[in-house]
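Structural overview
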Amino acid sequence: MVRDGELAPAGYLRAVRAHLPHETDLAIVQGVLRFARNEIADRHLLPQERPEALAGLAAVCRGLLDRTTDGHAPGLRLAALRGCLDNLTDTGELRSWLTAGTAPGGPALDPELRWRLLLRLTVLGAAGPDDIDTELATDPGATGREGAARCRAALPDPDAKEAAWSALFDSDGLSNRIVEATAEGFWQPEQRDLLTGYVRRYHPAAVAAAARRGPAIATLLGHEGYPAHAVDEETLRLGRECLRRDDVLPALRRKLADHLDDLARILRARATVTRAGG
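Residues numbered from 1 in each chain as written. Predicted model: local features only at pLDDT ≥ 70, side-chain atom pairs only at ≥ 80, totals over all residues. Heavy atoms only, no water.

With that settled, the discussion passes to the overall build of the protein chain. The helix and strand tally for the protein chain stands at 14 helices and 0 strands. Along its sequence from the N terminus, the protein chain presents helices and strands in the succession α-α-α-α-α-α-α-α-α-α-α-α-α-α. Its C-alpha atoms give the protein chain a radius of gyration of 19 Å, within 12% of the compact-globule value 19 Å for 278 residues. With the C-alpha coordinates of the protein chain rotated into their principal frame, the extents come out at 55 × 55 × 30 Å. Scored against the burial criterion, the 278 residues of the protein chain give a buried share of 47%. Within the protein chain, contacts between residues at least 6 apart in sequence are counted, and of these 69% link residues at least 24 apart. Total accessible area on the protein chain stands at roughly 12,900 Å², and carbon and sulfur atoms take up 53% of it. (Helix = DSSP H or I, 4+ residues; strand = E, 2+ residues; numbered from the N terminus. Rg over C-alpha atoms; globule rule 2.2 N^0.38 Å. Buried < 20%, exposed > 50% of the residue type's maximum accessible area, 1.4 Å probe, protein only. Contact = heavy atoms within 4.5 Å. Areas by Shrake-Rupley, 256 points an atom, 1.4 Å probe, with all protein chains shown as cover.)

Here's what the structure looks like:
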């Protein structure tokens, strides 16, 4: 209904706040939290509406944490904890969890959760390169290297962004997993102003990198590497212009076509809700 413009995004979030704290099905909780954050808060809402949405989602996740314990419904508790780590903006609280190595009431933070938490702190400007290096020293394996790449790309710093961009689109030396992690860290809705110029650079850079590196990298650059947060007519125009080129690798073309279809649909839904006064 949201995608078709039949339900305002705020209405979807009201339903989430009313009902999800009482849900017991893990798959539903995970799916709803993922959609509410990645699609509703990050894309369907206008940028100025996003902070309130994140606060509401964090409150929902706290509610789920309050009705579970570390030894009861561990799957639900873990989903709620991940939701807190993705949506909280209180950097002091997040930092205290990282320092303690556990969330209040458990569970202990395993490497995946620690990197997730550190990513959120990095996005919010409350963690830097030294924090990333320290965490990598305690987790030097594949998971740690991917987590570090994700966090370094998420640093809200012009030089860090340019370095991550060059690694993604100009260098041919990164493994597929590091390309994926770097792309996941790069585009952050909180850093919209810092990323504006990169949105304009994305399509020609992706076409060139895909041509050099082949279908697997083309798929990553067209999916994780796409500026999904940039929901506006200019991004749609640039994408359609790119698809008129005859040198776009098929693997990249498929991903871009899917993204542009979603983008056009979100813009139509926004316009419909606006006309209806939603």
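There is more to say after this.
Using the criterion set out here, one finds 20 salt bridges in the structure. Two residues, Arg50 and Asp42, come together in a salt bridge whose shortest N-O distance is 2.8 Å. For Arg50, a relative accessible area of 6% puts it in the buried group. One salt bridge in this structure joins Arg237 and Glu241, with 3.3 Å as the shortest N-O distance. On the criterion of helical spacing, the pair formed by Arg237 and Glu241 is a turn pair, its members being 4 residues apart in helix α13 (residues 233–243). (Salt bridge = Lys/Arg side-chain N within 4 Å of Asp/Glu carboxyl O.)

This brings us to unusual backbone geometry. With an omega of 5 degrees, the peptide bond running from Gly106 to Pro107 counts as cis. Among the secondary structure elements, Pro107 is positioned in the loop between α5 (91–100) and α6 (111–123).

The next thing to look at is helix α1 (residues 9–19). Within the span of α1, buried status applies to Pro9, Gly11, Tyr12, Leu13 and Val16. Residues of α1 that are buried make contact with α2 (26–44), α3 (50–66) and α14 (250–276).

Attention now moves to the packing of helix α8 (residues 142–154) against helix α10 (residues 176–186). Between α8 and α10, the shortest axis-to-axis distance is 7 Å and the interhelical angle comes to 35 degrees. The two elements α8 and α10 meet at a crossing, and its hand is right-handed. Residues Arg145, Glu146, Ala149, Arg150, Ala153 and Ala154 of α8 form the contact with α10, whose own contacting residues are Arg177, Ile178, Ala181, Thr182, Glu184, Gly185 and Phe186. Its residues assigned to classes, the contact of α8 with α10 comprises 6 nonpolar, 2 polar and 5 charged. (Axes fitted to C-alpha atoms, helices over the stretch in contact; angles between N-to-C directions. Left-handed = near helix turned anticlockwise from the far one by under 90°. Nonpolar A, V, L, I, M, F, W, Y, C, P; charged D, E, K, R; others polar.)

With that settled, consider the side chain of Arg270. You can see Arg270 is positioned in helix α14. Glu49 provides the closest opposite charge to the buried, salt-bridge-free Arg270, at an N-O distance of 6.7 Å. Looking at Arg270, its side chain comes within polar contact range of the main-chain oxygen of Leu45, at 3.0 Å. The residues contacting Arg270, other than those within four sequence positions of it, are Arg43, His44, Leu45, Leu46 and Val231. (Lys, Arg positive; Asp, Glu negative; His and termini not counted. Polar contact = N/O pair within 3.5 Å; in protein donor to acceptor, adjacent residues only side chain to side chain.)

This part is about the packing of aromatic side chains. Going through the model one piece at a time under the given rule, you end up with 10 aromatic pairs. The interplanar angle of 50 degrees and the centroid separation of 5.8 Å between the aromatic rings of Trp165 and Phe186 together place this pair among those described as tilted. With Trp165 in helix α9 (residues 158–169) and Phe186 in helix α10, this residue pair connects regions lying 21 residues apart in the sequence. Using a relative accessible area of 0% as the deciding quantity, one classes Phe186 as buried. A connected cluster of aromatic rings, assembled from ring pairs, spans Trp165, Phe169, Phe186, Trp187, Tyr198, Tyr202 and Tyr226. (Phe/Tyr/Trp six-rings, centres within 6.5 Å; stacked < 30°, edge-to-face > 60°.)

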